[in-house]
Amino acid sequence: MSNKEIVVSGIRPTGNLHLGNYFGAVKNFVKMQEAGGCFFFIADYHSLTTHPTPGDLQSNVKQVLIEYLAAGLDPDKSTLYLQSDVPETAELYLFLNMNAYLGELERVTTFKDKARKQPNNVNAGLLTYPTLMAADIIIHKAAKVPVGKDQEQNLEMTRTFARRFNHMYKTEYFPIPTAYNFGEQLVKIPGLDGSGKMGKSEGEGNAIFLNDDPKKLRKKVMRAVSDSGPTEMNQEKPEAIQNLFSLMDIVTKPEIVEQFNTQYNDCTIRYGDLKKQLAEDMINFTEPFREKIAELSSNDDYIKKVMNMGAEKARESARKTVEEVREIIGFRKYYTVQ
Ligand code: TRP
């Protein structure tokens, strides 16, 4: 593992995976894990910054793990773990917080957004979200962090904290990690509500979840926003229609997409037919995920085994780092009861 580039990324334990998450992140994690050296974890400590008393933390986290496994993350190839199974993270977070300043933390956009959304709960955890995230990342001495655009500022903070530590203790101990953005390789996944990308916050009907049952999925697709149809030959497609075609591109045979394209261009298209086709192809596409989710859901022992295996591997890596950091700062070695 020594010369391998370490990859770390955290997953928020919020709800079920939809196609946007799958194509935007998970599919790339699955690709990256082939090279080895990957740590993927469920950020359950972080969830306390917005939900101090989360509903059912355990079952939530378990469901997220199940869906990521169903989507292709492999516990034999990557280290898959729960953040709270690695309490060493909290110690590193404490050290980093000693050199994290109010001014810079207050300027982080995600902090400002969340503070605005929950004005009665602007807690210190929310403010120091970026230091906890930095601890997650550098505890494994990561080189690369696959994250979306919205996380780039947080990652910039990680770089700052890692550099600051190195500078403060005159060391080059922490590698400075870089954000890994999939850029070109990313397919944009639109939602079903006529505009913008697929997301949960846009309402239940906007997103297609890997675990949606066929009936529900069909209903959502049939209700997707379209319009009354083209009135002139070869018209440019309005956004809502382009979105339906983009979704088709993912799941439908190219010849069939082409047929609908031709029908659009000569104004004979019937959106009901297009949606029926899209719904059936979506159902087929998501079928293997649903099956795998069902299978994993009935196998508690296996899920527990995956969690334990991940915890062990992640802790080994984390403990080594925190022991070395303690030594660099000048604390004595961990005291262990014989
Ligand atoms: N902040 C990330 C998000 O909202 C989740 C996260 C927590 C994370 N710790 C991380 C991502 C470490 C990458 C690396 O999606």
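Conventions we followed
- Residues numbered from 1 in each chain as written.
- Predicted model: local features only at pLDDT ≥ 70, side-chain atom pairs only at ≥ 80, totals over all residues.
- Heavy atoms only, no water.
- Helix = DSSP H or I, 4+ residues; strand = E, 2+ residues; numbered from the N terminus.
- Buried < 20%, exposed > 50% of the residue type's maximum accessible area, 1.4 Å probe, protein only.
- Contact = heavy atoms within 4.5 Å.
- Areas by Shrake-Rupley, 256 points an atom, 1.4 Å probe, with all protein chains shown as cover.
- Lys, Arg positive; Asp, Glu negative; His and termini not counted.
- Charge placed at Lys NZ, Arg CZ, Asp CG, Glu CD.
- Axes fitted to C-alpha atoms, helices over the stretch in contact; angles between N-to-C directions.
- Parallel < 35°, antiparallel > 145°, perpendicular 65-115°, else oblique.
- Left-handed = near helix turned anticlockwise from the far one by under 90°.
- Nonpolar A, V, L, I, M, F, W, Y, C, P; charged D, E, K, R; others polar.
- Expected span 1.5 Å × (residues − 1).
- Salt bridge = Lys/Arg side-chain N within 4 Å of Asp/Glu carboxyl O.
- Near = heavy atom within 4 Å.
- Polar contact = N/O pair within 3.5 Å; in protein donor to acceptor, adjacent residues only side chain to side chain.
- Core = buried A, V, L, I, M, F, W, Y, C linked by side-chain atoms within 4.5 Å.
- Domains from an automatic or database assignment.
- Buried area = accessible area lost by both parts, 1.4 Å probe.

J.: Quick question: what am I supposed to make of the overall build of the protein chain here?
T.: Secondary structure summary: the protein chain contains 14 helices and five strands in total. Taking the principal axes of its C-alpha atoms as reference, the protein chain extends roughly 75 × 45 × 40 Å. Buried positions account for 46% of the 338 residues belonging to the protein chain. Taking all contacts inside the protein chain whose residues are at least 6 apart in sequence as the whole, residues at least 24 apart take part in 77%. Summed over all atoms, the accessible surface of the protein chain reaches about 17500 Å², with 51% contributed by carbon and sulfur. One finds the centroid of the 43 positive side-chain charges in the protein chain at a distance of 3 Å from the centroid of its 45 negative side-chain charges.

J.: Just checking my understanding: could you explain the packing of helix α11 (residues 239-251) against helix α12 (residues 254-265) for this structure?
T.: Each pair of packed helices gets described by two things: the angle between the helix axes and the distance between those axes. With their axes 10 Å apart at the nearest point, α11 and α12 run at an angle of 160° to one another. Taken together, α11 and α12 sit at an angle that is classed as roughly antiparallel. Crossing of α11 over α12 shows left-handed handedness. Contact residues: I241, F245, M248 and D249 in α11; V257, F260, N261 and Y264 in α12. Among the residues forming the contact of α11 with α12, the class breakdown is six nonpolar, one polar and one charged.

J.: Teacher, can you tell me more about α11 here?
T.: Residue pairs spaced three or four apart in an α-helix point in one direction, given the helix's 3.6 residues per turn. In a regular helix each residue adds 1.5 Å, so 13 residues correspond to 18 Å; α11 covers 19 Å between its end C-alpha atoms and thus fits that length. Restricting attention to buried positions, one finds in α11 the residues A240, I241, N243, L244, F245, S246, L247, M248 and V251. Looking at the buried positions of α11, the neighbouring elements they touch are α12 and α13 (271-297).

J.: Before we go on, may I ask you to explain the pattern of salt bridges in this structure?
T.: Two side chains carrying opposite charge are able to pair once their charged atoms lie near each other. Within the structure shown, the criterion is met by 17 salt bridges. Between K77 and D74 there is a salt bridge whose closest N-O contact spans 3.9 Å. For R164, the salt bridge identified is with E104, shortest N-O distance 2.6 Å. Taken as a pair, R164 in helix α9 (residues 152-168) and E104 in helix α5 (residues 102-106) lie far apart in primary sequence, 60 residues in all. The class for E104 is buried, based on a relative accessible area of 13%. Through salt bridges with shared partners, a single ionic network connects E34, D74 and K77.

J.: Please explain the packing of helix α8 (residues 129-138) against α9 as it appears in this structure.
T.: It is at 9 Å that the axes of α8 and α9 come closest, and there the two elements cross at 70°. Considering the angle they form, α8 stands roughly perpendicular to α9. Where α8 crosses over α9, the handedness of that crossing is right-handed. Residue-level inspection shows Y129, P130, T131, M133, A134, I137 and I138 of α8 in contact with α9, the latter providing N154, L155, M157, T158, F161 and A162. Looking at the contact of α8 with α9 residue by residue, the class counts come to 10 nonpolar, three polar and no charged.

J.: Quick question: what am I supposed to make of the site of the ligand here?
T.: Around the ligand, the structure places 13 residues, and the nearest of them are G10, R12, Y129, D136 and Q151. With respect to the ligand, the side chain of Y129 contributes an N or O atom lying 2.7 Å from a nitrogen atom. Here a nitrogen atom of the ligand sits 2.8 Å away from a polar atom, N or O, in the side chain of D136. Class assignment for the residues of the shell around the ligand results in seven nonpolar, four polar and two charged.

J.: What exactly am I supposed to notice about the nonpolar core here?
T.: Generally speaking, nonpolar side chains in soluble globular proteins are found buried as a group. Membership of the largest hydrophobic core comes to 57 residues, with the highest contact counts inside it found for L19, Y68, I208, F245, L278 and M282. Residues lining this core come from more than one domain, with at least three contributed by each of domain 1 (3-187 + 300-329) and domain 2 (204-294). Excluding residues within four positions of it along the chain, I208 makes contact with H18, L19, L192, M198, L217, K220, V221 and M282. Formed by 38 residues, the second largest nonpolar core is a distinct cluster that contains F111, M133, A142 and A314.

J.: In this structure, what is going on with the domain arrangement of the protein chain? I would like to understand it.
T.: Where interface size is quoted, it is often the accessible area lost as the parts come together. Per the domain assignment, the segments of the protein chain are domain 1 (3-187 + 300-329) and domain 2 (204-294). Between the C-alpha centres of domain 1 and domain 2 the distance comes to 35 Å. Of all residues in domain 1, H18, L19 and A70 give up the largest surface area on contact with domain 2, accounting jointly for 47% of the area buried on that side. Along the contact surface separating domain 1 from domain 2 lie zero salt bridges. Here domain 1 and domain 2 share two residue pairs in polar contact (both at pLDDT 80 or more) between them. For the side of domain 1 that touches domain 2, the elements supplying multiple residues, two or more each, are α1 (19-32) and α3 (57-70). Of the residues forming the side of domain 1 that touches domain 2, the biggest block, four residues, is contributed by α3. Residues belonging to the side of domain 1 that touches domain 2 are distributed by class as follows: seven nonpolar, three polar and one charged.

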